[in-house]
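Each chain, letter by letter, is given below.
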Amino acid sequence: MSGPAVSWYLAVAAFLFATGALGVLLRRSPLIILLSLEIMLNGANLALIAFSRHYGESSGQIFALAVMAVAASEVVVGLGLIVAIARRRIDLDVDKLSTLRG
Amino acid sequence: MIIAAWICLVAPLAAALLITLLGTGISRRAAAYVATSSVLGSFAAALVVLAKLWGESPEQRSHPSTVWEWLTAGTFHVGLRILVDPLSVFMMLVVSGVGFLIVAYSIGYMDGDDEERRYFAYMALFVFSMLALVQAGNYVILLVGWGLVGLSSYLLIGFWHERPAAIAAAKKAFVMNALGDATMALAFFVLIQHRHSLNFPDAFSIGPGHGWLVNLVALGLLGGAVAKSAQLPLQTWLPDAMEGPTPVSALIHAATMVTAGVYLIVRTHAVFEHAPRVQELAAGLGAGTLLMAGLIALVQTDIKRVIAYSTMSQIGYMFLGAGLGAYANAEFHLLTHAFFKALLFLAAGLVIHALAGEQDIRRMGGVGRLMPMTRITFLIGSLALVGIPPFAGFFSKDSIIASSLGRGWYGDLLFTAVLAGTFLTGLYAFRLFFIVFPGEPSPFVREHLMRGSHAHGQEGAHGEDGASQTHGHDVHEHAGEGPFSMTAPVLVLAVLSVIGGWLQFAPLWHPVSNWLEPVARPLAEPTNTQEAVASLLAFLLGLAGIAVATLMYGTHRLAVPRWAFGQRVLEHKFYFDELYDVVFFRPAVGLARLFLRGFEEPFVRGSVGGVAESFRDLGLLTRRLQTGLVRTYALAIAASLAVLTIVFVAVR
Amino acid sequence: MGNVVVWAVWVVAAFSCIASGIAVVSFTNPFYSALALIGNLASLAVLYLLLSAEFVAAAQVLVYAGAVMVMFLFVTAYLGGRADAPWAGGPSWQAVGAVTAAAAILVEVIVVIGLKAGGRLSHEASIDSGFGSPHRIGRLFLTNHLLAFEITSVVLLVAAVGAVILGAHSRASHPLEDAR
């Protein structure tokens, strides 16, 4: 069945990516930043799947699965960090976490 | 013979190096003995050279010896070259002989000083430098010796380096000598340019054909001689140099280094004879210094400074002699002066040592009662100084005085000056003797000499100041006048001051003149009549001086009218120091400050500092990138992503 | 007729995808953001299905929405009020720069794709029915893309170990730690 052409999906993917980037750059809570990061990754995944369909190559889907796995691991570690920070009673505000200031 | 000459030169250097390298590995006494024996070895070697040279006929007595070709530039060669001839042997004997006596004296004088090894290393270095100077076979080695004696003088004047006065005096001596070195170097440049050689026989044939050039060379050499010998106008450093230990004053500033100027003129007399005006200038400067120093010595209150001004005055005699062409006479006076001046300094050292470093004669008095041997030797030295027969000074001085007769109006002027100088010599020498030695011991003297044991202060403390070190002397050595190592050289010098003059009695026998004739033929020989007249007049005036001194300072103490203005001028040493301060020092300081503010700070410090500061500012600027905020970094990544995308697309 | 359905489904899915994306970024309360993300993931799964990537869609729901989001919600619940954070702040140029950069990226991507790849994006390849099936994916993982498979599993292992260390370490240095 035919549906929207690949470019429509790509547009959605681009939009998701941009939105996620905006969230990463603008929000101050590490938790929200992680969530925005997920959005970005999903946008990339969508683009991958769309191209995979367009060219009939399954490698795109493989790649997307790998991305998903890596995203999961990254979230694990990120959340671990957030919990560790919270345990030390430090504010969960990336602007305050600036001891690497030169 | 050549080997002996080299041994004579190198032995003290070896001693100096040995003492330096062994450091605290040898005891202080051992260092003293090493130095003393090396100088004794030099003396022995010099005697060997003398013996060998005597055996030859006069025409043969000139042996250069080059060990190493140092520089070669086209036709110009400079080597490590010494010259063995009558003049250099004469000087070698004086330097090593008197040097040995004085270094031996130092064994006792400097005993107990913490830095005794350094002292003896410096003394050995000095003897080496002076020997290099007198044995040099070309101007370069002479200059090397010249500079090294200046260095040794600096090191030894400032030996007690915790004392600011000593350091200042050392610097003053060195800087003034540097002026002389500069003029000498300029003279050498001219010589190199015109004769392409600085070796001794060759450089002398500059000849009359070059006119003003010869005058320039002679002036340059005279400048160096004047600086080294503390003559007018570069004389101000010598009295200050008395801050050094007394043996140093005896060796360097009486017997040897300050006579280097005289040696230079005698050695290079050929050049001077082609520049007669300069030679007359030398004589005139000698006469002027003679009078000036004699006058200043009349008001000095420091025992060593009186003797220092006396040295200045006597070297004026030698300059006079050399300036008039009486080279052998000048050298002979150099020899006798070495004897009695060293004697005076060492005897004064005995007094200073016994009085725990006191040098102010106003606190002394009646020392002779308690130190009879010192009194006698000092008296002998003073009589030799004034030129009373049969002591040494009589024979040497009067020949010089005689040479100034019959030389036209200028000679007569010099003659008058010299005779006045003789009167002054008698006056100041016996003023010193009468103030210090005869009569009742003053309370200060009584306190120091009548006790059995006492602590010694460092010499040169004018009065008791806090910077005293205790020497570890045996108690019984002070019941006498000093240890054997100190009294023996004094006695030897006393004997020499008596008989030393008998080496030459001008009209009758003159071995010294004969010996030096091949090297330095005198310009004119005074007749026997002139000799007799000069001797008689000098003798009478000397006696007159002694008589006046006896009246003023002897047992009768006649009151003398005081001339306040004259007194003040003399006490300020004719205001030379103040003059030089205003004319040279202050403008130099002002100029330096001007450069500092106008050039150094804006340009040099600005550029170097400016570069550094701009880097620092750059760093500060770059530092602002490190905000420590994760979001900023993320923004940077996003922005670069955006930019790079455009770049990649455009490139493709 | 099936075309209209496909388009309709696409529109709904795309719209909810974008809306939930914006929602994730905008909410103050992280709990709501997490929930919005779940919605995002679900819409994405629908889109994947439209693109014949059935396995990936299933994995998306299971792994992402099932595991990852659960983790997020756990942590958010653990943090409680501390997780609330102001919307933004910091240097003003940061906000301006961020918006500019994001917009630039969006525009660039669209332009680039439109300009450069426009021609090639018109003809879809034809696919067979096994495209996107677990069978196909599994075979590819174990043959062509074995390295990727193995590396991904190592990454997961490392992450797990790291999480344990992060969790244990803080517990060891703060023995009296409680929930607050």
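Residues numbered from 1 in each chain as written. Chains lettered and ligands numbered in written order. Predicted model: local features only at pLDDT ≥ 70, side-chain atom pairs only at ≥ 80, totals over all residues.

(A) Spatial organisation of the overall build of chain A. Helices and strands together make up the secondary structure of chain A, namely three helices and zero strands. Taken from the N to the C terminus, the helices and strands of chain A come in the order α-α-α. A separation threshold of at least 6 residues defines the contact pool for chain A, and within that pool the share at least 24 residues apart is 47%. (Helix = DSSP H or I, 4+ residues; strand = E, 2+ residues; numbered from the N terminus. Contact = placed C-beta atoms within 7 Å.)

(B) A look at the overall build of chain B. Looking only at helices and strands, chain B features 26 helices and two strands. Counting over 652 residues, chain B shows a buried share of 52%. (Buried ≥ 20, exposed ≤ 12 C-beta atoms within 10 Å, placed from the backbone.)

(C) Structural view of the interface of chain B and chain A. With ten residues of chain B at the interface, the matching set in chain A holds ten residues. It is helix 26 (residues 630–651) of chain B that contributes the most residues to the side of chain B that touches chain A, five residues altogether. Residues belonging to the side of chain B that touches chain A are distributed by class as follows: five nonpolar, three polar and two charged. (Nonpolar A, V, L, I, M, F, W, Y, C, P; charged D, E, K, R; others polar.)

(D) Representation of the confidence of the model for chain B. Residue and element names in this part refer to chain B. Residues with a pLDDT of 70 or more make up 92% of chain B, whose mean pLDDT is 83. Element-level pLDDT for chain B is lowest in helix 20 (residues 443–449), with a mean of 72, against a maximum mean of 92 in helix 4 (residues 116–135). Low pLDDT (under 50) marks residues 452–479, which in the prediction has 43 contacts with non-local residues, meaning those over four places away or in another chain. Both scores are given for the predicted complex: the pTM is 0.67, the ipTM 0.89. (pLDDT = per-residue confidence, 0-100.)

(E) Looking closely at the interface of chain C and chain A. Every contact between the two is made by 78 residues of chain C and, on the other side, 66 residues of chain A. Among the elements of the structure, helix 1 (2–26), helix 2 (30–50), helix 3 (54–79), helix 4 (92–117), helix 5 (134–142) and helix 6 (146–173) of chain C are those that each provide at least two residues to the side of chain C that touches chain A. Its residues assigned to classes, the side of chain C that touches chain A shows 56 nonpolar, 18 polar and four charged.

(F) Seen up close, helix 26 of chain B. Taking 1.5 Å of rise per residue, the 22 residues of helix 26 of chain B would be expected to cover 32 Å, and the 31 Å separating its terminal C-alpha atoms lies within 8% of that figure. Along helix 26 of chain B, the positions that sit buried rather than exposed are B:Arg631, B:Thr632, B:Ala634, B:Leu635, B:Ala638 and B:Ala642. (Expected span 1.5 Å × (residues − 1).)

(G) View of the pairing of strand 1 (residues 63–73) of chain B. Residues and elements named next belong to chain B. The buried fraction of strand 1 is low, at zero of eleven residues. Of the pairings in the sheet, the one linking strand 1 to strand 2 (residues 76–84) comprises eight bridges and is antiparallel in character. When the sheet's bridge partners are listed, His 63 is paired in strand 2 with Val 84. Where strand 1 hands over to strand 2, the hairpin turn is made up of two residues, of which Gly 74 adopts a positive phi near 70 degrees. (Pairing = 2+ DSSP bridges.)

(H) Highlighting the nonpolar core. Within the largest apolar cluster, 206 residues are counted, with the highest numbers of intra-cluster contacts made by B:Ala35, B:Ala124 and B:Ala342. In terms of residue count, helix 15 (residues 327–354) of chain B provides more of this core than any other element does, 20 residues in total. Core analysis: the second largest hydrophobic core is formed by 82 residues, A:Met40, A:Leu48, A:Ala69 and C:Leu106 among them. (Core = buried A, V, L, I, M, F, W, Y, C linked by C-beta atoms within 7 Å.)

(I) Summary view of the packing of helix 2 (residues 30–55) of chain A against helix 1 of chain C. For the pair helix 2 of chain A and helix 1 of chain C, the least separation of the axes is 9 Å and the interaxial angle reads 155 degrees. By the angle between their axes, helix 2 of chain A is roughly antiparallel relative to helix 1 of chain C. In this structure, helix 2 of chain A meets helix 1 of chain C at a crossing whose hand is left-handed. Each of A:Leu35, A:Ser36 and A:Ile39 in helix 2 of chain A lies in contact with helix 1 of chain C, whose residues at this interface are C:Gly21, C:Val24 and C:Val25. (Axes fitted to C-alpha atoms, helices over the stretch in contact; angles between N-to-C directions. Parallel < 35°, antiparallel > 145°, perpendicular 65-115°, else oblique. Left-handed = near helix turned anticlockwise from the far one by under 90°.)

(J) The environment of B:Ala44, seen in detail. All names here are of chain B. Along the chain, the position of Ala 44 falls in helix 2 (residues 28–54). Of the residues examined, Ala 44 has 16 C-beta atoms within 10 Å and is grouped as partly exposed. As a C-alpha pair, Ala 44 and Ala 4 span 40 residues in sequence and 8.8 Å in three-dimensional space.

(K) Geometry of unusual backbone geometry. Residue and element names in this part refer to chain B. In this structure, Pro 233 follows Leu 232 across a cis peptide bond, with omega equal to -10 degrees. Within the element layout of this structure, Pro 233 appears in the loop between helix 8 (212–228) and helix 9 (237–240). Following Pro 389, the chain continues to Pro 390 via a peptide bond in cis, the omega torsion being -5 degrees. By the secondary structure assignment, Pro 390 is in the loop between helix 17 (372–386) and helix 18 (392–403). Phi is positive for Ala 230, which is not a glycine, with a value near 55 degrees. One can find Ala 230 in the loop between helix 8 and helix 9. With a phi angle near 60 degrees, Tyr 575 is a residue other than glycine that sits in the positive phi range. Topologically, Tyr 575 is positioned in the loop between helix 24 (564–571) and helix 25 (576–623). Accessibility expressed as a C-beta count within 10 Å gives 12 for Tyr 575, which makes it exposed.

(L) Local environment of the packing of helix 19 (residues 408–436) of chain B against helix 23 (residues 528–553) of chain B. Residues and elements named next belong to chain B. Where helix 19 meets helix 23, the closest approach of the two axes is 7 Å, and the angle between their N-to-C directions is 35 degrees. In this structure, the crossing between helix 19 and helix 23 has a hand that is right-handed. For the pair helix 19 and helix 23, contact is made by Leu 419, Thr 422, Phe 423, Leu 424, Thr 425, Gly 426, Leu 427, Phe 430, Arg 431, Phe 434 and Ile 435 and by Leu 537, Ala 538, Leu 541, Gly 542, Leu 543, Ala 544, Gly 545, Ile 546, Val 548, Ala 549, Thr 550 and Tyr 553, respectively. Here the contact of helix 19 with helix 23 is built from residues that sort into 16 nonpolar, six polar and one charged.

(M) Expanded view of the environment of B:Ile192. Residues and elements named next belong to chain B. Relative to the helices and strands, Ile 192 resides in helix 6 (residues 164–195). On the neighbour-count criterion, Ile 192 (17 C-beta atoms within 10 Å) is partly exposed. Separated by 116 residues in the primary sequence, Ile 192 and Phe 76 have C-alpha atoms spaced 7.7 Å apart. Sequence-distant contacts of Ile 192, defined by excluding residues within four places in its chain, comprise Phe 76 and Leu 198.

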